[in-house]
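# Understanding the architecture of this molecule
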Amino acid sequence: MPPFWEHLFWNPVPEGGALVHAAPDPVIDIRGLTKDYGAHRALFGLDLSVRAGEVFGFLGPNGAGKSTTIRVLLDLVRRSGGEVRVLGLDPRTDGVAIRRRVGYLPGDLVLTSRRTARDLLAYLGDLRGGVPAARIAELAERLDLDLSRPVRSLSKGNRQKVGLVQAFMHRPELLVLDEPTSGLDPLLQREFLEMVQEVRAEGRTVFMSSHVLSEVQDVADRAAVVRRGRLVAVEDMDALRRRAARRVRVRFAAPVAAAEFASLAGVRDLHVDGDTVRCVVEGSPDALVKQAARHTVLEFDSAEPDLEDLFFTYYTDREESGDAA
Amino acid sequence: MRRSVFGRFLRDHLRALVGWGVGVAAVTALYSAFWPSMRDSSGAMDAYLESLPQGLLETMGWNSLSTAEGYLGATVFGLLVPALLVIAAAVLGARAIAGDEEDGGLELLLAHPVSRTGVLVQRFAALTVFVAVLGAVVFGTLLLLGPAIDIGLPADRLLAASTAVALIGLVHGAAALAVGAATGRRALALGAAAVLAVVGYLGHTLARQVEELEWLRFASAFHYALEPDPLANGFDPAPTAVLLAVPVVLVALGAAAFNRRDVGV
């Protein structure tokens, strides 16, 4: 964390005196969005607001309405009701203007061309007024994508890379990514998350969907959960992380008494077995660490907090008890 | 030069264009190559034709196989070349929107700063060029073979007839494109073009014999293209205008429906 005064020196008020933080308009603003496919209703009055410069995770099981919502943003699908603004514009009337400023990765990317990835990406770049070949090559290198192969012979993972390159290459103000990490191996997932972080560092916005929280939890500022066409929750990821429970195992040089740890703040499911303490810590492990420090600690293991469990069980319960309405 | 939707679509179908071009040239050359022997045996041929029922002759357009325009009109321009052009154009027209959508490629294209009408119009333009090239192949083949087989027809009449069959193709290609754009279904697009072609062909041939079916000819691209007999009479502006206007209207209707629906679901 930089010191609080840093922005006084490094973020001077721009000339003309405009305020940097004067409540910018949301980049995506959705109110009461409904969508019917014939008699089937896919979205039931969705409300969602994505702020400029944030990474927003859009979560939910398959078939919950994530892709439908995303397609409405790009005017591929027309809404049945409600209001939608993307970059301040209505997709129904300003689709072309919106798409010029947005990079989009389809959830189910199909590439059938016999031509090479380089050729396809140059063409897509030309539809946007041209993207330098060097920029395409740089992204391809980062993602380890061979540009000289015909796209239709590419594996699922490599096709996904082509999709990512075309979404990122023109440095759009807003990236809309539908299941971006599907098909990528863990190493490339990490590279992708770095690219997302760079986009955020430049003040641009990322809206990405996933059916699993773990794919977005490391990078998202906020996340929303959609289920059966309804928004179930919007959460600040830091707050969620603070609430998250982690498993801790501590081994001491000598046996310890269970009573020492039983009443510590946030500690539950305590098991003491001679010199080893196992427990679950909710929120900060501070109290546990300080108590443990009274003894000689040989080992200290802490598993990643499982946000997934917390996130989904919490909201499933709430929804089923009729609380979320 | 910047790549456009138009150029890309045409380039993506260059192989198909070469394939169809070779086929059209081969059929044109094969049939017209029989002309010299046909003319030499015209006495026997005419005698044989006279033995056939008059109705069949009119239906098939075999009225005068002993003249070059009669022979070419009945063979090259009567059925096979129009059929090839209709199939080529309908397949491409069905691919242009509906096929691309069913394959999953259209979603990515329409996520770029292009309008749906723009994509439709550019691909229609590519279809027009595609069909025009095939028409030019018919014309070029006859022009090249003409002296060798002694067709003896002036170039402008060959051009008028080639244009007429190309326009038959364009009408059916535009129908497939429009239905595909309106529905997003390749099978429907091809089906619509096939129905139009069958009805049109019957309207052109059978309706000559059956009075009750005469109205069909107004829905027949074959009628507008071939009834004025361009091989004998050259260009006829009125039916040519109809054949040019119909695709434009079809594409306009297709664009209106395309702009109102969801894509890729």
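Residues numbered from 1 in each chain as written. Chains lettered and ligands numbered in written order. Predicted model: local features only at pLDDT ≥ 70, side-chain atom pairs only at ≥ 80, totals over all residues. Heavy atoms only, no water.

### Focus on the pattern of salt bridges
Following the criterion strictly, the structure yields 35 salt bridges over all chains and no others. For the salt bridge of Asp119 of chain A with Arg115 of chain A, the shortest nitrogen-to-oxygen distance reads 3.9 Å. In this structure, the salt-bridge partner of Arg123 of chain B is Asp100 of chain B, at a minimum N-O distance of 2.9 Å. One end of the pair, Arg123 of chain B, is in helix H9 (residues 116–149); the other, Asp100 of chain B, is in helix H7 (residues 76–103), and 23 residues separate them in sequence. In this structure, Arg123 of chain B and Asp100 of chain B share a single accessibility class: buried. (Salt bridge = Lys/Arg side-chain N within 4 Å of Asp/Glu carboxyl O. Helix = DSSP H or I, 4+ residues; strand = E, 2+ residues; numbered from the N terminus. Buried < 20%, exposed > 50% of the residue type's maximum accessible area, 1.4 Å probe, protein only.)

### What about the environment of Ala126 of chain B?
Residue and element names in this part refer to chain B. Here Ala126 shows up in helix H9. Along the chain, Ala126 and Val171 lie 45 residues apart, while their C-alpha atoms are 14 Å from each other. Setting aside residues up to four positions removed in sequence, Ala126 forms contacts with Phe6, Phe9 and Leu10. (Contact = heavy atoms within 4.5 Å.)

### Overview of the UniProt feature "transmembrane region" (unreviewed entry) in chain B
Residues and elements named next belong to chain B. Residues annotated in UniProt with the feature "transmembrane region" (unreviewed entry) correspond here to residues 12–35, 70–92, 124–146, 158–180, 187–207 and 238–258. As a span, residues 158–180 carries 100% helix and 0% strand, and end to end its C-alpha atoms are 33 Å apart. Secondary structure content for residues 238–258 is 100% helix and 0% strand, while the C-alpha to C-alpha distance between its ends is 30 Å. (UniProt positions renumbered as here; feature names shortened; annotations may be inferred.)

### Some words on H7 of chain B
Residues and elements named next belong to chain B. For H7, which comprises 28 residues, the first-to-last C-alpha distance of 35 Å sits more than 12% below the rise-based estimate of 40 Å (1.5 Å per residue). The principal kink in H7, of about 55°, is found at Ala96. When you tally the buried positions in H7, you get 20 out of 28 residues, the bulk of the element. Two residues or fewer after H7 comes Gly104, characterised by a positive phi angle close to 95°. (Expected span 1.5 Å × (residues − 1). Bend = angle between axes of the 7 residues up to and from the residue.)

### Some thoughts on the side chain of Ser220 of chain B
Residues and elements named next belong to chain B. Mapping Ser220 onto the fold places it in the loop between helix H11 (186–205) and helix H12 (221–226). Engagement of the side chain of Ser220 in a polar contact is seen with the backbone oxygen of Gly200, the distance being 2.6 Å. Within polar-contact distance, the side chain of Ser220 engages the backbone nitrogen of His223 at 3.0 Å. Setting aside residues no more than four positions away along its own chain, Ser220 makes contact with Gly200, Tyr201 and His204. (Polar contact = N/O pair within 3.5 Å; in protein donor to acceptor, adjacent residues only side chain to side chain.)

### Topic: the interface of chain A and chain B
Taken together, the 32 residues of chain A in the interface contact 28 residues of chain B. The interface formed by chain A and chain B contains five salt bridges. Residues Lys35 of chain A and Asp262 of chain B are paired through a salt bridge, measuring 2.7 Å at the closest nitrogen-oxygen approach. Counting across the chain A and chain B interface gives 15 residue pairs in polar contact (both at pLDDT 80 or more). Among the secondary structure elements, those contributing two or more residues to the side of chain A that touches chain B are strand E1 (28–37), helix H3 (91–100) and helix H4 (117–127) of chain A. The biggest single contributor to the side of chain A that touches chain B is H4 of chain A, with seven residues.

### Considerations on unusual backbone geometry
Residues and elements named next belong to chain A. In this structure, Arg228 is a non-glycine residue whose phi angle is positive, near 50°. Even without a glycine there, the phi angle at Asp269 is positive, about 50°. Here Asp269 lies in strand E11 (residues 267–273).

### As for the packing of helix H1 (residues 5–12) of chain B against H9 of chain B
All names here are of chain B. Two numbers describe how H1 lies on H9: the axes approach to 8 Å, and their chain directions differ by 45°. The angle between the axes of H1 and H9 places the two elements in the oblique class. The two elements H1 and H9 meet at a crossing, and its hand is right-handed. Residues Val5, Phe6, Phe9 and Leu10 of H1 lie in contact with H9, whose contacting residues are Val119, Gln122, Arg123, Ala125, Ala126, Val129 and Phe130. (Axes fitted to C-alpha atoms, helices over the stretch in contact; angles between N-to-C directions. Parallel < 35°, antiparallel > 145°, perpendicular 65-115°, else oblique. Left-handed = near helix turned anticlockwise from the far one by under 90°.)

### Details of the packing of aromatic side chains
Residues and elements named next belong to chain A. Scanning the model with the defined rule gives six aromatic pairs over all chains in all. Consider the rings of Phe56 and Phe207, whose centres lie 5.8 Å apart with planes at 25°: the pair is stacked. Taken as a pair, Phe56 in strand E3 (residues 55–59) and Phe207 in strand E7 (residues 205–210) lie far apart in primary sequence, 151 residues in all. The exposure class assigned to Phe56 is buried, which follows from its relative accessible area of 1%. Between the aromatic rings of Phe168 and Phe192, the centroid separation amounts to 6.3 Å while the plane-to-plane angle is 85°, which identifies the pairing as edge-to-face. Taken together, the residues Phe168 in helix H6 (residues 156–168) and Phe192 in helix H7 (residues 186–201) connect sequence positions 24 residues apart. Grouped by ring-pair contacts, the aromatic residues Phe56, Phe58 and Phe207 constitute a single cluster. (Phe/Tyr/Trp six-rings, centres within 6.5 Å; stacked < 30°, edge-to-face > 60°.)

### Things to note about the sheet that holds strand E4 (residues 81–86) of chain A
Residue and element names in this part refer to chain A. Reading across from one edge, E2-E1-E4 is the order of the three strands in this open sheet, with antiparallel pairing throughout. The sheet is open, and its two borders are formed by strand E2 (40–50) and E4, each paired with just one other strand. Pairwise comparison of adjacent strand axes, ignoring direction, gives a mean angle of 25° for this sheet. Judged from the eight bridges that link them, E1 and E2 form a sheet pairing that is antiparallel. When the bridges of E2 are listed, Ile28 appears paired with Val50. Contacts from helix H2 (residues 66–73) reach E1, E2 and E4, with the element oriented near 115° to E1. (Pairing = 2+ DSSP bridges.)

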